[in-house]
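An overview of the molecular structure
The chain contents come next:
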Amino acid sequence: MKLPRLKSNEMIQSFIHLKGNPKACVCTEPLWYIPYNLFIPFATVYMLNLGLDDIQIGLLASIGMILQMVSAFFGGVLTDKFGRRKVTAIVDFISWSIPCLLWAFAQNFWWFLGAVALNSTIHICSNSWNCLLVEDCPKAKLVNVFSMIQMCGLLAVFVAPLSALLVQEFSLVPVVRCLYLFSCASMTAKFVLLYRYSTETAQGIKRMEETRHEPIHKMLLGYKDVFLKMIHSRAMLIVLLVMVAYHVTDTTTVNFFGIYATQTLNVPESLLAIFPIIRAAIMLIFILLFQPRVNRLPYRPVMLCGYGLFLLSHLLLIFAPHNNPWYLMLYTLVEACSLVCIVPRKDSLNALFVDEQERSRVSGLIFMAMVGVASPFGWIAGFLSSIDRRLPFVLNIAIFILVSVAVLCSKEITHLDRQIRETNDQPAFYE
């Protein structure tokens with residue numbers, strides 16, 4: 001698949017001419033991204049304010065990942081059995097609308113545990129939503145469609161100062177409660193509108209018909225062949241390692257950066273919403289100005305550059321001085337530069353090995369394996385944080401050193417890079 005050269009107005013023209021499910025997915029996505037970016041910077045600090053400790057927060061993260069593994073196992077089968085559109089609508093409501101209500105009225109650990117249990121079904125709708133987005137979308141438009149989705153997320157980050165201003169003006173707990181209530185309303189509207197303006201995909205109709213009289217337990221047995229193929233594929237194993245490494249480190253950063261910044265480095269809670277804005281601005285500039293050129297480069301040097309920048313950002317964080325938010329902004333800038341190198345290649349390597357005819361089951365197994373391997377690390381990071389709040393980020397460094405060595409030694413990535421050099425063909429997309 002030849003990498004398209006984006007003209008200055010190509011993204012706008014692509015959006016105007018976008019039709020069907022891709023348009024419905026892109027247009028409704030801000031209704032999820034905006035509220036998510038309003039509450040997520042304060043999520044763990046909100047837990048601390050309600051009496052949870054570091055170990056409990058880490059335990060919730062681990063429980064969530066274990067339950068996500070279970071939901072991912074059933075995700076592919078449910079998506080095939082009941083259809084992409086219906087599964088997306090129902091599970092989105094279960095995994096986001098109801099948990100937002102629980103978070104809004106939470107009083108103790110058990111409220112958060114209930115919310116985490118329901119929110120852990122997200123990998124079912126992640127699977128079905130991805131199928132809904134891509135299956136009827138022309139391949140030539142995939143790059144632009146995923147870029148639009150990515151831009152929705154990055155642009156939504158710029159609403160985060162609103163929550164920071166509210167926290168600064170009022171106290172954190174009542175403001176975050178209101179943000180969760182707003183999130184419930186906005187996300188529910190997104191799910192209803194997406195269901196209203198989408199249609200079942202051609203592949204979805206085909207799979208529903210093929211599985212109409214097949215019991216779910218028999219469909220689950222069909223995972224055996226897919227699983228055996230995965231574990232005997234060196235390429236799939238390197239993809240899984242890359243994805244697990246990113247999932248673990250991202251979960252650790254999301255859960256413990258806010259605690260470390262406010263409780264150890266004495267950064268005001270109201271500033272937590274500023275750091276995602278800096279990260280989003282850097283990534284957005286990169287996507288618009290440099291992404292097409294970088295996409296033509298071999299994988300290994302770009303990934304290793306990203307991992308190197310990630311390690312540098314975490315060293316900056318570990319040795320950050322107290323009472324100096326400007327220094328944390330430098331950390332955020334370096335981390336953003338690392339993510340624009342790592343994330344597209346992580347997603348691209350995954351996409352290269354997915355069988356289009358078995359997309360839902362293969363994706364389900366990948367999510368399940370990824371979350372299953374990563375699940376203990378939430379509790380481990382919480383335990384480390386209870387000893388020293390810098391230690392979760394030392395864990396991140398160790399994980400990315402390991403994956404850097406694997407990428408450096410991978411023959412599969414060497415073969416892929418050789419193909420890129422010989423044909424200047426880029427088979428990936430930026431998600």
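This text follows the structure it describes.
Report on the accompanying structure.

Basis of the calculations
Residues numbered from 1 in each chain as written. Predicted model: local features only at pLDDT ≥ 70, side-chain atom pairs only at ≥ 80, totals over all residues. Heavy atoms only, no water. Helix = DSSP H or I, 4+ residues; strand = E, 2+ residues; numbered from the N terminus. Buried < 20%, exposed > 50% of the residue type's maximum accessible area, 1.4 Å probe, protein only. Areas by Shrake-Rupley, 256 points an atom, 1.4 Å probe, with all protein chains shown as cover. Axes fitted to C-alpha atoms, helices over the stretch in contact; angles between N-to-C directions. Parallel < 35°, antiparallel > 145°, perpendicular 65-115°, else oblique. Contact = heavy atoms within 4.5 Å. Nonpolar A, V, L, I, M, F, W, Y, C, P; charged D, E, K, R; others polar. Polar contact = N/O pair within 3.5 Å; in protein donor to acceptor, adjacent residues only side chain to side chain. Core = buried A, V, L, I, M, F, W, Y, C linked by side-chain atoms within 4.5 Å. Phe/Tyr/Trp six-rings, centres within 6.5 Å; stacked < 30°, edge-to-face > 60°. Lys NZ or Arg CZ within 6 Å of the ring centre and 35° of its normal. Patch = residues over 30% accessible without salt bridge, like charges linked within 9 Å, V, L, I, M, F, W, Y side chains within 5 Å. Salt bridge = Lys/Arg side-chain N within 4 Å of Asp/Glu carboxyl O.

Looking only at helices and strands, the protein features 23 helices and zero strands. Sorting the 431 residues of the protein into buried and exposed places 57% on the buried side. For the protein, the computed accessible surface area is about 18500 Å², with 68% contributed by carbon and sulfur atoms.

A word on the packing of helix α6 (residues 84-104) against helix α7 (residues 109-119). Running from N to C, α6 and α7 point in directions that differ by 170°, and their axes come no closer than 8 Å. The angle between the axes of α6 and α7 places the two elements in the roughly antiparallel class. Of the residues in α7, those touching α6 at I94, S95, W96, I98, P99, L102 and W103 are W111, F112, G114, A115, L118 and N119. Residue composition of the contact of α6 with α7, grouped by class: ten nonpolar, three polar and no charged.

On the secondary structure map, T121 appears in the loop between α7 and α8 (122-134). One polar contact links the side chain of T121 to the main-chain carbonyl oxygen of L118, over a distance of 2.8 Å. Not counting chain neighbours up to four residues away, the residues in contact with T121 comprise S71, V91, I94 and S95.

The next point concerns the nonpolar core. Ranked by internal contacts, the top residues of the largest apolar core, which has 130 residues, are Y46, F112 and L328. Broken down by element, this core gets its largest block of residues, 15 residues, from helix α15 (residues 234-264). Ignoring any residue separated from it by four or fewer positions in sequence, one finds F112 in contact with Y46, M47, L50, L52, L60, W103 and A106.

Within this structure, the stated rule accounts for 18 aromatic pairs. Arranged with centres 5.1 Å apart and planes meeting at 80°, the rings of W32 and Y33 form a pair that is edge-to-face. Between the NZ or CZ atom of R85 and the centre of the ring of Y195, over which it lies, the distance is 3.8 Å. Seen from the ring of Y197, R196 lies directly overhead, with NZ or CZ sitting 4.8 Å from the centre.

The grouping of I55, L59, W379, F383 and I387 at the surface amounts to a nonpolar patch, some 450 Å² of accessible area in total. Within the fold, L59 resides in helix α5 (residues 54-82). On the basis of relative accessible area, L59 is assigned to the partly exposed category, the value being 33%.

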